[in-house]
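Working through the structure, step by step
Letter by letter, the chains look like this.
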Amino acid sequence: MEDNTMLKIDLIRLSLGELAKLVVKCVEFIETYSKSDNFWRKSGENSLSDAGDMIIAYNNGLDLWMQRCQDQILERIHPVGDDLGRVNHIEQVVGALDRIHRIESGIERTEEETYINRLAYASGAGLDVSKTCLEDTRVSILLEIVDWVHSTDSGTQQVLWLHGQAGKGKSAIVHTIAKWFKDFGELGSCFCFARDQLADDRHQKLFTTIARDLSNHDPNFRRALGGIVADNSAVYTGDVKQHWQRFILEPFSKCPAAVGGPVVIVIDALDEISDETSRRSILDVLASVGPSLPSNIRILVTSRPLPDIISILGTSTHVKPKSMDEISTATEEHDIHLYISSTLESSEYGLPEKKVTRLAEMSDGLFEWARLACEFIKFPKEAATTMERYDDLLLAIDGSGVPLLDKMYETILRDVVGGSQRILSRFYSVMRQILWTKEPLSIEALNAMRRRFSRTEDIYDVNVILRSMGALLSGTADQSTPVRPLHPSFYDFLTDPSRSGKFSVQPRNIHLDLAFASVRVMQDGLHFNICKLDSSYLKNSQVNHLNTRIKDNIPWQLSYACRFWVDHVQEIKHHFGLAKEIKAFFEEKLLFWIEALSLLQALNSASGYLTSIARWMEVSLVC
């Protein structure tokens, strides 16, 4: 009896030995490759698939050995004495198996993310906590939105459209909502449109960006999305309706029924998509949101009440409209009073309570007007006191019937630009450069471009204008922050002559200036192996710290010039001088430009750019 038991124990020992070898082999395989920074990128999709097959094979083998050993031990071995040590050994093996499963999960996630990262993503379009509401303001409407998010009523619309005129504070409200739900782990995505990012085609990236954000929020959604993207040509189209169907609805349809709390998706400033045709596709999707979306999803949208948006979102039974005009006058004045008091609360800028109340009443519910009023009062001008600045403001706002924001913009511009024709001329030139660049540039980059303008009278430091415009533009206080209008309404004001009068800014020759500047920046800055790569045989994805190399070696103005110079040229009918410089650039720097486009992930545009420029050059060189 004892010999028979020892024989069985020896057989088990052999089984455990083989099992241990298999565990060690499996762990070594997974750890060796998963710890290599570039392995999965180097291997490509086929290697990812092969690795997954090997992991499954290892797991199947481990499961089989484990089951056989456990069956023998539990049936024939009593856990006493030395046998207890063998049971402990089995527990160690079980622990190793658990480790294997955890590593396998990490590899599966890496494979999923490799596919999901094919989807276009709008960087910089997310939540901005600096835009949230001041504490104790907008309380009633914030609570109303929260109640809508948490409603379990089967008749609750899953889309809420918050609309109102420019300056009412819509963005502050939805960024506050986004931050609250992010803090609770219930923010699925926050996507903000911006007028100065039109060249980025953000509208085409809306639902792919939301899909990627949702994949980080929900593992089930991530697994479903990864499988769908792996074999889907819609990845490479700009059709937002296909994106919604394939990358939002389809993954949700493959996920378990919704459990737990809500998932909030914020889409801010939809009206900033300037092309109505592009906007229409997104509006059609939002207006049709219904039972196909999980019941816990809530989509919060903001915009001005433009006619095309009203006609679609305002009439859809699937959308809950909410107007900012529904907020009572008393509530708006209370909130704006708090804002003004908080902004001017220091002894340096303090105003008597009656004066603060007067400003709140004058604001007509426009937070942007209140912000500008505070900036005007705080801005030092000819040693004026706070009360004198307050009086100057009231004197300028004369009740002439001009819209409040327009009058405020005019008042501030008269204050900072003055009546000098030289300053006004420079104001036009600098603002043209800011408004018609395809993406916002820093002061440093604006100056680098301006130094290559074709007319010497336009070559000066943009700070001569921007240093006084902090109330209207961001990025005026340092050299590296993008300069852009703080509020979209300022862009509208400047570009509409009927509203801005003598401060109206029109494009004129700005595209010619920017085209010359871009070509000259590239001619001066491009050269072989610009990022000092160690080998030309590696893919970009295989280069360590490539983003840092790009940042260190391709300055902002050069990156801009490489990506957008053709866009500016296309705005010019023909120009012999520019064509000559482009010809010289192609003869000397064409390959270096293509190398830079590759590093900047814009190489897919090169073919179209070259075709377009070839046609343009044919005309310009003979003129």
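Residues numbered from 1 in each chain as written. Predicted model: local features only at pLDDT ≥ 70, side-chain atom pairs only at ≥ 80, totals over all residues. Heavy atoms only, no water.

Attention now goes to the overall build of the protein. For the protein, the helix and strand inventory stands at 25 helices and seven strands. When each of the 623 residues of the protein is scored for burial, the buried share is 49%. Across the protein, contacts joining residues at least 24 apart in sequence account for 78% of those joining residues at least 6 apart. Accessible area for the protein stands at about 30300 Å²; split by element, carbon and sulfur atoms hold 51% of it. (Helix = DSSP H or I, 4+ residues; strand = E, 2+ residues; numbered from the N terminus. Buried < 20%, exposed > 50% of the residue type's maximum accessible area, 1.4 Å probe, protein only. Contact = heavy atoms within 4.5 Å. Areas by Shrake-Rupley, 256 points an atom, 1.4 Å probe, with all protein chains shown as cover.)

Before going further, it helps to examine the nonpolar core. Core analysis: the largest hydrophobic core is formed by 96 residues, its most contacted members being Leu413 and Phe427. By residue number, the principal contributor to this core is helix 21 (residues 510-525), which donates nine residues. Counting residues in each nonpolar core, the second largest holds 45 residues, with Val159, Cys255, Ile299 and Ile312 among its members. (Core = buried A, V, L, I, M, F, W, Y, C linked by side-chain atoms within 4.5 Å.)

Let's shift gears to the sheet that holds strand 2 (residues 187-192). In spatial order, the strands read 2-3-4-1-5; together these five strands make up an open sheet with parallel pairing. In this open sheet, the two edge strands, each paired with only one partner strand, are strand 2 and strand 5 (319-323). Ignoring which end each strand starts from, the neighbouring axes of this sheet average 15° apart. Relative to strand 3 (residues 263-268), strand 2 is paired through five bridges, and the arrangement is parallel. (Pairing = 2+ DSSP bridges. Axes fitted to C-alpha atoms, helices over the stretch in contact; angles between N-to-C directions.)

Tracing the sequence through the fold places Ser612 in helix 25 (residues 606-620). If near-sequence neighbours (up to four positions away) are discounted, Ser612 is found in contact with Val566 and Gln570.

Evaluation of the coordinates by the stated rule reveals 15 aromatic pairs. Three or more aromatic residues joined by ring pairs form one cluster here, namely Trp565, Phe585, Phe586, Trp593 and Tyr609. Seen from the ring of Tyr460, Arg426 lies directly overhead, with NZ or CZ sitting 4.5 Å from the centre. (Phe/Tyr/Trp six-rings, centres within 6.5 Å; stacked < 30°, edge-to-face > 60°. Lys NZ or Arg CZ within 6 Å of the ring centre and 35° of its normal.)

Right, let's get into helix 17 (residues 443-450). Counting buried positions over the eight residues of helix 17 gives seven, a clear majority of the element. Residues Ile443, Ala445, Leu446, Asn447, Ala448, Met449 and Arg450 constitute the buried set of helix 17. Considering only its buried residues, helix 17 is in contact with helix 16 (421-436), helix 18 (463-466), helix 21 and helix 23 (556-570).

For Ser123, the location among the structural elements is in the loop between helix 3 (82-116) and helix 4 (139-150). Distance from Ser123 to Asp200, taken between C-alpha atoms, is 9.6 Å for residues 77 residues apart in sequence.

Scanning the model with the defined rule gives 26 salt bridges in all. A salt bridge links Glu439 to Arg563, with the shortest nitrogen-to-oxygen separation between them at 2.6 Å. Here Glu439 is found in the loop between helix 16 and helix 17, whereas its partner Arg563 is found in helix 23, with 124 residues between them in sequence. Across the pair, exposure class does not vary: Glu439 and Arg563 are buried alike. The closest approach of N and O atoms between Arg455 and Glu457, which form a salt bridge, is 4.0 Å. A relative accessible area of 29% places Arg455 in the partly exposed class. One salt-bridge network, in which partners are shared between bridges, spans Arg195, Asp271, Glu272, Arg304 and Asp492. (Salt bridge = Lys/Arg side-chain N within 4 Å of Asp/Glu carboxyl O.)

At a minimum axis distance of 11 Å, the contact between helix 24 (residues 576-599) and helix 25 shows a crossing angle of 165°. Overall, the two elements helix 24 and helix 25 adopt an arrangement that is roughly antiparallel. The way helix 24 lies across helix 25 gives a crossing that is left-handed. Residues Phe576, Leu578, Ala579, Ile582, Lys583, Phe586, Leu590, Trp593 and Leu597 of helix 24 form the contact with helix 25, whose own contacting residues are Ala606, Tyr609, Leu610, Ile613, Trp616, Met617 and Ser620. (Parallel < 35°, antiparallel > 145°, perpendicular 65-115°, else oblique. Left-handed = near helix turned anticlockwise from the far one by under 90°.)

Although it is not a glycine, Arg508 sits at a positive phi angle of roughly 50°. Within the secondary structure, Arg508 is located in the loop between helix 20 (497-500) and helix 21.

In this model, the protein carries a mean pLDDT of 83, and residues with pLDDT of at least 70 account for 78%. Note that residues 33-49 has pLDDT below 50 and, in this model, 18 contacts with residues that lie over four places away or in other chains. (pLDDT = per-residue confidence, 0-100.)

A few words now on a negative patch on the surface. Residues Glu382, Glu388, Asp391 and Asp392 make up a contiguous surface patch of negative charge. When you line up the elements, Asp391 lands in helix 14 (residues 386-396). Using a relative accessible area of 41% as the deciding quantity, one classes Asp391 as partly exposed. (Patch = residues over 30% accessible without salt bridge, like charges linked within 9 Å, V, L, I, M, F, W, Y side chains within 5 Å. Lys, Arg positive; Asp, Glu negative; His and termini not counted. Charge placed at Lys NZ, Arg CZ, Asp CG, Glu CD.)

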